[in-house]
Amino acid sequence: MLRIELSGAQRTLLIPLYARALDYRSPRSILHDRSADEIARRIDFDFSTLGHWRGSPLLAVRARQLDEWASEYLTRRPGATVLNLGCGLDARFERVRPPPSVRWFDVDYPEVIDLRRNFYSETPNHRMLATSLTAPEWLGAVDPGGPGLAIADGVFEYMAEGEVAGLLGRLVERWSEGEVAFDVMGRRTVRSVNRRLDATVGGRIVWSADDLRSVDALEPRLRRTAARSVFETPYTPAAFRTLAAVLFFSPGLRRAIRLLRYEFP
Ligand SMILES: C[S@@+](CC[C@H](N)C(=O)[O-])C[C@H]1O[C@@H](n2cnc3c(N)ncnc32)[C@H](O)[C@@H]1O
C-alpha cells in the first residue's frame with residue numbers, strides 16, 4: 001500500500017480517482033476505467049471518508065466527454081501533441097489509446113508525478129512532466145508548432161484566473177493550431193464543493209465562472225466550439241438527465257460543471 005504525501009490541490013486527485021473506481025465497479029459503468037480501480041486499491045487512504053461524493057457519476061461523465069473530444073481530435077490530427085494538464089493519477093492515455101504517431105505528456109506537480117510513477121511508466125511517445133502548470137518554462141519541453149491538444153479535467157479550478165489566462169496564452173503561442181478542452185464550475189457549486197473539500201482532502205477551488213463570456217475573454221485567440229453541462233452529455237445517466245430537465249430553470253444547476261472546447265488559430 002502506498003502512503004499519500006500530498007498537500008493542498010494535489011490531494012484533490014483522490015476524488016476523481018475514487019469516482020472513476022466507483023464507476024468501474026458499477027454495472028452501468030460510464031468510463032470502464034480499470035486502472036482507477038486498481039490504483040485506488042493500492043493507495044493507503046480511507047476512501048470511505050470521502051462519503052460517496054454524491055456527484056461521482058458526473059465526474060466519470062466529465063472524463064468521458066473530454067476523452068471523446070480528445071479521440072475526435074486525434075482522428076483528425078493523428079500527428080498531434082497532447083497535454084493532459086493536472087493529470088493526477090488519471091489513465092486518460094489508456095482510455096483514449098492514441099495512435100503511435102501522437103506524442104502525449106502527462107503534466108502535474110513533482111510530488112504527484114513521483115506518486116504517478118508507481119503506476120505508470122514512460123515510453124518515448126508518452127512522457128510525464130513534473131512541474132507546476134503556472135511555471136512558464138516547462139512548455140519548452142513540448143514540441144512547438146502543433147497541432148496540439150490540451151485537456152484539463154478538474155484542474156483550472158485550483159488556479160487563479162490570471163494563471164489560467166497565462167497558461168492559455170502560452171499554449172496558443174507554442175502551437176500554431178490546436179484545441180483546448182476543460183471544465184469550469186459555477187460559483188454556487190464552488191461554495192458547496194469547497195465546504196466538502198474542507199471536510200475531506202483539503203484544497204480550495206479559487207476559479208469559477210457563471211458567465212462563459214468571461215472565460216472566452218481569458219484568451220481572445222481561442223474560439224469556443226462547444227459548451228456542455230455535465231447533465232446533458234450523451235454519457236450522462238438517464239436519472240441525472242431527467243433531474244436536469246426538471247430543474248434546469250435553476251441557473252445554479254445549469255452552471256454546476258460545464259465542459260468547454262476551444263480551437264485556434
Ligand atoms: C481534482 S484533481 C484532477 C486530477 C486529474 N485530472 C483527474 O481527473 O483525475 C486536480 C489536479 O490538478 C493538479 N493541479 C492543480 N493545480 C496545479 C498546478 N498549478 N500545477 C500542476 N498541477 C496542478 C493537482 O495536483 C491535481 O492532480
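So, here's what we can say about the structure. (Residues numbered from 1 in each chain as written. Predicted model: local features only at pLDDT ≥ 70, side-chain atom pairs only at ≥ 80, totals over all residues. Heavy atoms only, no water.)

1. A closer look at the environment of Phe264
Filter applied, for reference: By definition, any uninterrupted DSSP run of H or I lasting at least four residues is a helix, any uninterrupted run of E lasting at least two residues is a strand, and each is numbered from the N terminus. Should any heavy atoms of two residues lie within 4.5 Å, those residues are counted as being in contact.
Tracing the backbone through its elements, the reader meets Phe264 in strand S9 (residues 257–264). Residues Phe264 and Ala36, 228 residues apart in the sequence, show an inter-C-alpha distance of 32 Å. Dropping the residues within four chain positions of it, Phe264 is found in contact with Leu171, Val172, Trp175, Ser176, Glu177, Gly178, Glu179, Val180, Arg221, Leu222 and Arg223.

2. Some thoughts on the layout of surface pockets
Using the following cut-off: In the cavity and pocket records, a cavity denotes points on a 1 Å grid over the protein atoms alone where a 1.4 Å probe fits but cannot get out, a pocket denotes an open set with protein on both sides within 12 Å along at least 5 of 7 lines, and lining residues are residues with an atom within 4 Å of a point. Grid points are joined across faces, edges and corners, and a volume is the space filled by probe spheres set on the points. Under this grouping Gly is polar, as are all residues other than the nonpolar Ala, Val, Leu, Ile, Met, Phe, Trp, Tyr, Cys and Pro and the charged Asp, Glu, Lys and Arg.
Empty space within the second largest pocket amounts to approximately 240 Å³. Taken together, Ala19, Leu22, Asp23, Ser26, Arg28, Ser29, Ile30, Ser56, Pro57, Tyr235, Pro237 and Phe240 form the lining of the second largest pocket. Residue assignment for the lining of the second largest pocket shows that the elements contributing at least two residues are helix H1 (14–25) and helix H3 (56–76). Take the lining of the second largest pocket: its biggest share by element is three residues, from H1. Tallied by class, the residues present in the lining of the second largest pocket amount to seven nonpolar, three polar and two charged.

3. Quick look at the sheet that holds strand S7 (residues 178–185)
Stated formally: Note on pairing: two strands pair once DSSP finds at least 2 bridges between them. Fitted lines through C-alpha atoms give the axes, limited to the stretch in contact for helices. The angle between two N-to-C directions lies from 0 to 180 degrees.
Within the open sheet, the seven strands sit side by side as S5-S4-S3-S6-S7-S9-S8. Their pairing is mixed. Both edges of this open sheet fall to strand S5 (126–130) and strand S8 (223–229), since each of them pairs with a single strand only. Averaged over all pairs of adjacent strands, the angle between strand axes in this sheet comes to 20°, irrespective of strand direction. Alignment of strand S3 (residues 81–85) against strand S4 (residues 103–108), held across five bridges, turns out to be parallel. Residue Leu85 lies in a different strand from S4, and its bridge partner there is Val107. Strands in contact with H3 are S3, S4, strand S6 (148–152), S7, S8 and S9; relative to S9, the strand with the most contacts, it is inclined by about 15°.

4. Some remarks on the packing of H1 against helix H2 (residues 34–42)
Two quantities define a packed helix pair, namely the angle between the helix axes and the distance between the axes. The following threshold applies: Less than a right angle of anticlockwise turn of the near helix away from the far helix marks a crossing as left-handed, whereas a clockwise turn marks it as right-handed.
As a packed pair, H1 and H2 sit with axes 7 Å apart at the nearest point and diverge in direction by 115°. As H1 packs across H2, the resulting crossing turns out to be left-handed. On H2, the residues that touch Leu17, Arg20, Ala21, Tyr24 and Arg25 of H1 are Arg34, Ala36, Asp37, Ile39, Ala40 and Arg41. Grouping the constituent residues of the contact of H1 with H2 by class yields six nonpolar, no polar and five charged.

5. Some details on the packing of aromatic side chains
Filter applied, for reference: Here a Phe, Tyr or Trp ring, Trp counted by its six-membered ring, pairs with any other such ring whose centre lies within 6.5 Å, and the pair is stacked when the planes are under 30 degrees apart, edge-to-face when over 60, and tilted otherwise. Classification of residues uses two cut-offs on accessible area relative to the type maximum, computed with a 1.4 Å probe and protein chains only: under 20% is buried, over 50% is exposed, and between them is partly exposed. Put simply, a charge is over a ring when the Lys NZ or the Arg CZ is close to the ring centre, within 6 Å, and near the line of the ring normal, within 35 degrees.
By the definition in use, this model includes seven aromatic pairs. Ring plane angle 45° and centroid distance 6.4 Å describe the contact between Phe182 and Trp207, whose orientation is recorded as tilted. Remark: Trp207 occurs in the loop between helix H7 (187–199) and helix H8 (212–216) and Phe182 occurs in strand S7; sequence separation between them is 25 residues. We note that Phe182, like Trp207, is buried. Pairing Phe231 with Phe240 gives two aromatic rings, centres 6.3 Å apart and planes at 40°, and the pair type is tilted. The exposure class assigned to Phe231 is buried, which follows from its relative accessible area of 7%. A cation sits over an aromatic face here: Arg116 above Tyr120, 4.0 Å from the ring centre.

6. Some details on the site of the ligand
Put simply, the rule reads: Throughout, the term near means that a residue has one or more heavy atoms lying within 4 Å of the molecule or strand in question. As used in this structure description, the phrase polar contact means that two N or O atoms lie within 3.5 Å; if the pair is within protein, one of them must be able to donate a hydrogen and the other to accept it, and residues adjacent in sequence are counted only when both atoms belong to side chains. Each accessible area is a Shrake-Rupley result for a 1.4 Å probe, and residues are judged covered by the shown protein chains and nothing else.
Surveying the vicinity of the ligand reveals 20 residues, the closest of which are Arg20, Gly86, Asp108, Leu133 and Asp153. Within the backbone of Gly86, a nitrogen or oxygen atom sits 2.8 Å from a nitrogen atom of the ligand. Here Asp108 contributes a side-chain N or O atom positioned 2.7 Å from an oxygen atom of the ligand. Protein coverage of the free-state accessible area of the ligand, which is 590 Å², stands at 98%. Partitioned by chemical class, the residues of the shell around the ligand number nine nonpolar, seven polar and four charged.

7. Thoughts on the pattern of salt bridges
Applied cut-off: Salt bridge, as applied in this entry: a Lys or Arg side-chain nitrogen positioned within 4 Å of an Asp or Glu carboxyl oxygen.
Counting across every chain of the model gives 30 salt bridges. Where Asp90 meets Arg92, a salt bridge forms, and the shortest distance between an N and an O atom there is 3.3 Å. We note that Asp90, like Arg92, is buried. For Arg95, the salt bridge identified is with Asp90, shortest N-O distance 2.8 Å. Relative accessible area serves as the criterion here: at 4%, Asp90 is assigned to the buried category. What you see here is one network of salt bridges that share partners, running through Arg20, Asp33, Arg62, Asp67, Asp90, Arg92, Arg95, Asp153 and Asp183.

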